[in-house]
Amino acid sequence: MRNVAYHRIERIAGSVITLRAEGVANQELAQVTSSFGTSLARVIRIDGDMVDLQVFAGARGISTDSEVRFLGEPMKVAYSDSLLGRVFNGAGKPRDNGPEVDGEKIAIGGPSVNPAKRIIPKTMVRTGIPMIDVFNTLVVSQKLPIFSIAGEPYNELLARIALQAEVDVIILGGMGLKHDDYLYLKDYLEKNGAMSRTVMFMHTASDPIVESLLVPDASLAVAEKFATDGKNVLVLLTDMTNFADAMKEIAITMEQIPSNRGYPGDLYSQLAARYEKAVDFEGSGSITILAVTTMPGDDVTHPVPDNTGYITEGQFYLRKGRIEPFGSLSRLKQQVNGKTRSDHRTIMNTMIQLYASYKETLEKQSMGFTMSNWDQKLLKYGVRFEKEMMDLSVNIPLEKALDLGWTILADCFAPEETGIPTKMINEYWPKKG
Amino acid sequence: MASIGKITGVNGNLIRVKFESAVSQNEVAYAKLQDGANTIPLKSEVIRIRGDYAELQVFEDTTGLKAGDEVEFTGELLSVELGPGLLTQVFDGLQNPLPKLAEECGFFLQRGKYLKALPRDKKWAFTPVAKAGDVVVAGDTLGTVPEGVFTHRIMVPFKALGKWTVESVVAAGEHVVEDVVAVLKNAAGEKLDVKMVQTWPVKMPIKAFEERLRPSKPLTMQQRIIDTFFPVMQGGTFCTPGPFGAGKTVLQQLMSRYADVDIVILAACGERAGEVVETLREFPELIDPRTGKSLMDRTLIICNTSSMPVAAREASVYTGVTLAEYYRQMGLNVLLLADSTSRWAQALREQSGRLEEIPGEEAFPAYLESVIAAFYERGGVVRLKDGKTGSVTICGSVSPAGGNFEEPVTQATLKVVGAFLGLSRERSDQRRFPAIHPLDSWSKYEGIIDVKKVEDARKILAGGVDVNNMMKVVGEEGTSIEDFILYLKSEYLDAVYLQQDAYHEIDAACSADRQKYVFDKVYTILKTPMTFTEKDAARSFFLKLTQATKDWNRVAFDSQEFKDLESSIFASVKGVTANA
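Okay, so let's go over this structure. Because the structure is a prediction, the values reported are computed rather than measured.

Conventions adopted
- Residues numbered from 1 in each chain as written.
- Chains lettered and ligands numbered in written order.
- Predicted model: local features only at pLDDT ≥ 70, side-chain atom pairs only at ≥ 80, totals over all residues.
- Axes fitted to C-alpha atoms, helices over the stretch in contact; angles between N-to-C directions.
- Helix = DSSP H or I, 4+ residues; strand = E, 2+ residues; numbered from the N terminus.
- Parallel < 35°, antiparallel > 145°, perpendicular 65-115°, else oblique.
- Left-handed = near helix turned anticlockwise from the far one by under 90°.
- Contact = placed C-beta atoms within 7 Å.
- Buried ≥ 20, exposed ≤ 12 C-beta atoms within 10 Å, placed from the backbone.
- Nonpolar A, V, L, I, M, F, W, Y, C, P; charged D, E, K, R; others polar.
- Pairing = 2+ DSSP bridges.

### Focus on the packing of helix 10 (residues 373-390) of chain A against helix 11 (residues 398-412) of chain A
Residue and element names in this part refer to chain A.
Line of reasoning, step 1. Direction vectors running N to C along helix 10 and helix 11 enclose 160°, while the axes themselves pass 9 Å from each other. Taken together, the axis directions place helix 10 and helix 11 in an arrangement best described as roughly antiparallel. Note on packing geometry: the crossing formed by helix 10 with helix 11 is right-handed. Contacts from Lys377, Lys380, Tyr381, Arg384, Phe385 and Glu388 in helix 10 reach Leu404, Ile408 and Cys412 in helix 11.

Pasting the structure below:
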């Protein structure tokens, strides 16, 4: 390690500082010391002897003679089993007053997995949430966003999934979180005893913006390491729109040409580089990614959800506190829902079709049409479906949820009204009395 | 003598290099990354030269590169290896065999690791065609080797300019690709050793043919909506734009399975790795009905998924089309499926942004249109020097932002393709697959069915949409029974002909003969004047007719069941025919 300190900063803009330095490597870390303390920074551009550095703690308070010392290596995070139960910031420093973690240093943002080493996903992740397990099954190695809008209980949903999912390790990455939300997530996991298998990388809205850029990379680097050690890892990220906005901010500071609504041209590649870390390793562990993406103005064509939709394997829409059955899609569900129980697909299709009919009836009702006998049945069904299946507080295993599905159907309809094949009816339709 | 340079700037995957002796545009260079005691060469390509400085795009992550690091220019353009052994392989955008890389590097792709595309130890049974004394030019066949079901021609290197005389050709026997199989000599007395492997720069079209012809043979995909309504031809170009979730990838997978071509090249360009993996793992198990062999035997995959380096993504479509042209030179019909060209265009945009070029619309470079046009123009039918024809058909999927076709990539693509199969969110939400929009899409090619009849059928579809829109305003009560029947007929055509069940063993593929037969019958039904007293009766008749026709689609062609269902369908139609 070269131990040269530089004391002349040429330019400071946003969180980017520029100085003259020699022999500096791209992405190399540096330590910047000002009268307000010390922060890490990383090299993002080299132009002759001019070096641009992104300061993690932001450039506020940095003076033109602040000390910059290059560390000779790119950003790394420590990895060991003692990460479990701990909370870090985006730069990998503890934020829970605990000690620094000793362990193998691993580089963040590592190379892509060789596609030839991937396998076709085949295992379902049980969450205990019927809207996921029954209707849009989550699959090991899947990458799925939760499209939502501000004010929806997406963090509550993430917390529930973290608690109930059958995985070995949970990595929770927070970007631009309200401090209350961060404490909620932490308390919830602690209270329910899930903290011991959780690692948190947290960036709150009041923290420097650059650290938010590091959260997904740090989370996924650690996840990748756990996965190659044979663990099944669930990575929860919230909120990816904040991550994209942080990139936008930096890109504009760096005077990059914006492409769409101010976002940098490589938004797709940047998001994909993170989401594509989801993988099922042949003969080892796996990474499954669930990421909240808030849609500004509930607009799915906004660049962030739009690019995300092209990358991920489906999406969950969280609206009015419920996972919407329409629009939500797990592209991988076909890989697993044929092997769970023979009535899984039947219940999935029938209940959704009937729920769609219920919605039509609701429209008719609101326009003042008279309700036929069939409409009455649908109304009864719809209310029960929303209350007993869609409500996020429902927590039952898949098999129970399927049984419940049959019960609701039998309470509301005659078998032939459901359009279910006779063979299925004979096998599963609840017998009266 | 290759030039040497030193890095003076690093910005993302773009490096600026001060060079000493001459360098050429698009020349390949290696940036020497110092990693402790190791030197890792990172492949790069010159994309702009200004004064003593060249700007290079690096095909790898540039973490760790320093100002002052050495760059070695190779003097060669970005090229691919051509020779026997390409088929069934899976390459990345720079033609590195991925399974081999996995054997050497494990789970992750490693920077600076480059492997030969063709296996060096595999022996091929060479049969000479040319003999000493023959006068040959680039692209002429010197001998052949069997590659799977194909006869792979060993040709005079495409780079060889002018006329050459064959000095010697080896006798029939087993050879590896690096063996010299022929020696040529030109008028100037220069000698050329011909091996089974040759290289060709990916960004230049291979032109060793007699002339380009107009596409004239339909290329059937066994998808009714394509073959009948929006046909594609061998040597044609077409695009499938659509929003996410509209079924682009499923459609491409169906095409790669059922297209009536010899070879399929899949260029997975900046898309999900999971989708490639499905092809990778499933194709070897599937049987190609044309040859009775595994589908993989006729398939070649270029896989540069979204998380792999962006510059290599730009190269991958060119790698794909160059390999397609190579097999075309053997008189074969090749289909190149590029998924998705939007990601490729975005790679261009990223690069252009780093070069600080003046941006065009949505920050895409101003030359986007000409680059897209030049790519699609590499498709076509050619007559080779031996009189045989070969073709490259190009299908590009496009992923427009927000599903809006007005954006630059879709628009630039529409200008140069012969058919536009626009996928619609509306139809996929209604679970109408394939979700190709029957009214917005178009094709300039002639298909397997009489154009006039197809036009008529489209009129019925358009009429049905009009009636449906009207009904939304005036309600069913306010619609005349004639209009209502037109609407039901259009829905019937949609349900039984345009839609196809990709997961049904029989309905997934509908042969050309079957399409001709079924279209004729459906057309007859559409043209039959019908009378109903009430709309409900009409609706329930068409519901039953739709169900019966769908069942008809699901039984084997020309089976007894097929005939029985057909007669019962027509019996029921007879019951409602108007006595004109």
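### Quick look at unusual backbone geometry
Line of reasoning, step 1. The residue after A:Thr238, namely A:Asp239, is reached through a cis peptide bond having omega 5°.
Line of reasoning, step 2. In this structure, A:Asp239 sits in the loop between strand 16 (232-238) and helix 5 (240-253).
Line of reasoning, step 3. Between B:Asp339 and B:Ser340 the backbone carries a cis peptide bond, its omega angle lying at 0°.
Line of reasoning, step 4. In this structure, B:Ser340 sits in the loop between strand 24 (333-339) and helix 6 (341-354).
Line of reasoning, step 5. Look at B:Gln95: it is not a glycine, yet its phi comes out positive at around 70°.
Line of reasoning, step 6. Judged by C-beta crowding, with 25 C-beta atoms within 10 Å, B:Gln95 ranks as buried.

### Description of the interface of chain A and chain B
Line of reasoning, step 1. Counting from both sides, the interface comprises 43 residues of chain A and, opposite them, 48 residues of chain B.
Line of reasoning, step 2. It is helix 7 (residues 303-311) of chain A that provides the largest number of residues to the side of chain A that touches chain B, a total of five residues.
Line of reasoning, step 3. Grouping the amino acids of the side of chain A that touches chain B by side-chain chemistry returns 19 nonpolar, 15 polar and nine charged.
Line of reasoning, step 4. Two elements, strand 5 (residues 37-47) of chain A and strand 1 (residues 4-11) of chain B, share three bridges in a ladder whose sense is antiparallel. Residue pairing in the sheet places A:Asp47 in a bridge with B:Gly9 of strand 1 of chain B.

### What about the sheet that holds strand 15 (residues 180-186) of chain B?
All names here are of chain B.
Line of reasoning, step 1. The strand order 10-13-15-16 describes an open sheet built from four strands, whose pairing is antiparallel. With partners counted over all chains shown, the strands left at the sheet margins are strand 10 (135-136) and strand 16 (191-195), one partner each.
Line of reasoning, step 2. Looking at chain direction, strand 10 and strand 13 (residues 164-169) are connected through two bridges and run antiparallel. Within strand 13, the residue paired with Val135 across the bridge is Thr165.

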